[in-house]
Amino acid sequence: MVFFRPSLNQHGLTEQQWRVIRILHQGGEMESYQLADLACILKPSMTGVLSRLERDGLVTRCKPAHDQRRMHINLTEKGQQCFLSMSEDMESNYRRIQAQFGEAKLQQLLGLLNELKQIKP
């Protein structure tokens, strides 16, 4: 996180909030449980993350008319702009990590992390 924290602090975001913004930018509107799973954030914690993002005008939450139990999350225009303003710095940080750690090791690490993510309790 030492690579990313300065940029996150500059934009007033936590690492979890950035993950949510990035996933919504890449995947578009989705249900809160899907977002929690993709972001590796526990559902109770996701509620707080989304509340703060909504308060700051970066996401919207809405219940579909056909099923009031579900919650759909979407980036606002401000959220899209936040992603665009941060993405260059974040990509630069990923490249710095890749250059120092090495492509082969990075791919191995990502593969292992994906395997670990698949383990269900």
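Our structure is the block above this text.
Residues numbered from 1 in each chain as written. Predicted model: local features only at pLDDT ≥ 70, side-chain atom pairs only at ≥ 80, totals over all residues. Heavy atoms only, no water.

Digging into the overall build of the protein
Within the protein, the secondary structure is distributed over 6 helices and 3 strands. The order of α-helices and β-strands along the protein, N terminus first, is α-α-β-α-α-β-β-α-α. C-alpha atoms of the protein, sized along the principal axes, occupy 50 × 35 × 20 Å. Residues counted as buried form 31% of the 121 residues belonging to the protein. Charge separation in the protein, taken as the distance between the mean sites of 16 positive and 13 negative side-chain charges, equals 6 Å. (Helix = DSSP H or I, 4+ residues; strand = E, 2+ residues; numbered from the N terminus. Buried < 20%, exposed > 50% of the residue type's maximum accessible area, 1.4 Å probe, protein only. Lys, Arg positive; Asp, Glu negative; His and termini not counted. Charge placed at Lys NZ, Arg CZ, Asp CG, Glu CD.)

Describing the pairing of strand S3 (residues 72-75)
Strand direction decides the pairing type here: strand S1 (residues 30-31) and S3, joined by 2 bridges, are antiparallel. Bridge pairing in S3 links glutamate 31 to histidine 72. (Pairing = 2+ DSSP bridges.)

Description of the packing of aromatic side chains
Applying the stated criterion to the full structure yields 2 aromatic pairs. Pairing phenylalanine 4 with tyrosine 94 gives two aromatic rings, centres 4.9 Å apart and planes at 55°, and the pair type is tilted. Here the residue phenylalanine 4 occupies a position in the segment before helix H1 (5-11), and tyrosine 94 occupies one in helix H5 (residues 77-101), the gap between them amounting to 90 residues. When the ring centre of phenylalanine 101 is taken as reference, the NZ or CZ atom of lysine 105 above it lies at 5.7 Å. (Phe/Tyr/Trp six-rings, centres within 6.5 Å; stacked < 30°, edge-to-face > 60°. Lys NZ or Arg CZ within 6 Å of the ring centre and 35° of its normal.)

Some details on the environment of phenylalanine 101
One can find phenylalanine 101 in helix H5. Note on phenylalanine 101: relative accessible area 36%, which makes it partly exposed. Through-space distance from the C-alpha of phenylalanine 101 to that of proline 64 is 44 Å; in sequence the pair is 37 residues apart. Apart from residues no more than four positions distant in its own chain, phenylalanine 101 is found in contact with Leu106 and Leu109. (Contact = heavy atoms within 4.5 Å.)

Topic: unusual backbone geometry
Notably, cysteine 40 is not glycine yet its phi reads approximately 55°, a positive angle. Here cysteine 40 is to be found in the loop between helix H3 (32-39) and helix H4 (43-55).

Here's the deal with the nonpolar core
One finds Leu13, Val20, Ile21, Leu24, Leu35, Met46 and Leu53 to be the most contacted residues of the largest nonpolar core, which totals 25 residues. Of all the secondary-structure elements, those providing two or more residues to this core are helix H2 (15-27), H3, H4, S3 and H5. Among the elements that make up this core, the one with the highest residue count is H2 (5 residues). If near-sequence neighbours (up to four positions away) are discounted, methionine 46 is found in contact with Val20, Ser32, Leu35, Ala36, Ala39 and Ile41. (Core = buried A, V, L, I, M, F, W, Y, C linked by side-chain atoms within 4.5 Å.)

Some words on the sheet that holds strand S2 (residues 59-62)
Taking strand neighbours across the sheet as the criterion, the 3 strands line up as S1-S3-S2 in an open arrangement whose pairing is antiparallel. Each having just a single partner strand, S1 and S2 make up the two edges of the open sheet. Contacts between H4 and the sheet are confined to S2 and S3, with S2 contributing the most and set at about 115° to the helix. (Axes fitted to C-alpha atoms, helices over the stretch in contact; angles between N-to-C directions.)

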